[in-house]
Amino acid sequence: YIRYPAEYEGHSCWSAGSDYEYFGTRAPHVLYIYFEDGIEFIHNFQSDTLLGVRIPDTVWFIGYGAFCGNNRMVHISFPEKMQNDLIIFDEAFRGAALREVVLPEGTSEIGSLAFNGCKWLKRVEIPGSLEKFNATWFANCNRLETIKLNEGVECIKGSFYGCEKLRDIQFSST
């Protein structure tokens with residue numbers, strides 16, 4: 001795996017991308033990326049080998065198509081709560097092989113098609129900080145079975161189109 005530092009040779013690496021130029025080399029066969037605390041912006045990590053990533057609570061923006069098409073990426077680890085509002089931009093995880101998505105408290109916005117076509121996704125948990133849904137976030141996740149909605153989520157509008165196996169929608173008890 002690769003540990004992506006918040007600082008390298010005395011320079012801040014607040015923005016992370018797959019060019020790996022911060023390290024002076026390219027890393028085409030990375031299996032797991034551990035983003036260290038201090039990284040704020042993640043973009044462009046397409047890989048045929050990537051299996052998982054760890055997102056620190058300092059990230060506030062996951063860019064357009066950041067992990068799009070990583071069809072072997074089965075795991076993403078978010079902290080329980082973000083330091084700042086988290087924005088996940090359009091198509092950020094589209095087509096990834098994720099099995100479960102537990103979005104952290106502090107997620108404030110998700111772009112269109114963000115998790116579209118994650119055909120192995122079975123379970124999603126939405127935090128209360130994400131108050132409104134947008135169509136197509138989880139569309140065409142044809143194995144999605146369970147969604148947990150925490151207190152504060154106001155509406156669902158077309159977000160689960162093409163999710164034929166969706167049978168269990170859980171609401172927080174408060």
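Quick note: structure is the one above.
Residues numbered from 1 in each chain as written. Predicted model: local features only at pLDDT ≥ 70, side-chain atom pairs only at ≥ 80, totals over all residues. Heavy atoms only, no water.

## Some details on the overall build of the chain
Logical step 1: From N to C terminus, the chain includes zero helices and 15 strands.
Logical step 2: Every one of the 174 residues in the chain was classed for burial, and the buried ones make up 46%.
Logical step 3: In the chain, 34% of the contacts between residues at least 6 apart in sequence involve partners at least 24 apart.
Logical step 4: Surface accessibility of the chain: about 8,700 Å² in total, with carbon and sulfur atoms responsible for 48%. (Helix = DSSP H or I, 4+ residues; strand = E, 2+ residues; numbered from the N terminus. Buried < 20%, exposed > 50% of the residue type's maximum accessible area, 1.4 Å probe, protein only. Contact = heavy atoms within 4.5 Å. Areas by Shrake-Rupley, 256 points an atom, 1.4 Å probe, with all protein chains shown as cover.)

## Regarding the nonpolar core
Logical step 1: The biggest cluster of nonpolar side chains holds 44 residues, and the ones touching the most others in it are Ile-62, Phe-67, Ile-88, Phe-93, Phe-115, Phe-138 and Leu-144.
Logical step 2: Elements that contribute at least two residues to this core include exactly strand S5 (32–35), strand S10 (81–88), strand S13 (123–126) and strand S14 (146–149).
Logical step 3: It is S10 that contributes the most residues to this core, three residues altogether.
Logical step 4: Ignoring any residue separated from it by four or fewer positions in sequence, one finds Phe-115 in contact with Ile-88, Phe-93, Arg-94, Leu-98, Val-101, Leu-103, Trp-137, Phe-138, Ala-139 and Cys-141. (Core = buried A, V, L, I, M, F, W, Y, C linked by side-chain atoms within 4.5 Å.)

## Notes on unusual backbone geometry
Logical step 1: A positive phi is found at Glu-91, a non-glycine position, where the angle reads about 55°.
Logical step 2: Structurally, Glu-91 is set in the loop between S10 and strand S11 (100–102).
Logical step 3: The buried category is assigned to Glu-91, whose relative accessible area is 14%.
Logical step 4: If you check the backbone angles, Asn-140 has positive phi at about 60° while not being a glycine.
Logical step 5: The class of Asn-140 is partly exposed, set by a relative accessible area of 35%.

## Regarding the packing of aromatic side chains
Logical step 1: Evaluation of the coordinates by the stated rule reveals seven aromatic pairs.
Logical step 2: An angle of 40° between the planes, with centres 5.7 Å apart, marks the rings of Phe-61 and Phe-89 as tilted. Remark: Phe-89 occurs in the loop between S10 and S11 and Phe-61 occurs in strand S8 (residues 61–62); sequence separation between them is 28 residues.
Logical step 3: Ring pairing ties together the aromatic residues Phe-41, Trp-60, Phe-61, Tyr-64 and Phe-89, which thus form one cluster.
Logical step 4: Here Arg-54 stacks its cationic end above the ring of Tyr-34, 4.5 Å away from the centre of that ring.
Logical step 5: The lysine or arginine in question, Arg-143, covers the ring of Trp-120, its NZ or CZ lying 3.9 Å from the ring centre. (Phe/Tyr/Trp six-rings, centres within 6.5 Å; stacked < 30°, edge-to-face > 60°. Lys NZ or Arg CZ within 6 Å of the ring centre and 35° of its normal.)

## Side note on the pairing of S13
Logical step 1: Looking at chain direction, S11 and S13 are connected through three bridges and run parallel. Bridging across to S13, Val-102 finds its partner in Glu-125.
Logical step 2: Where S13 lies against S14, four bridges are found, and the strand directions are parallel. Among the inter-strand pairings, Glu-125 is bridged to a residue of S14, identified as Lys-148. (Pairing = 2+ DSSP bridges.)

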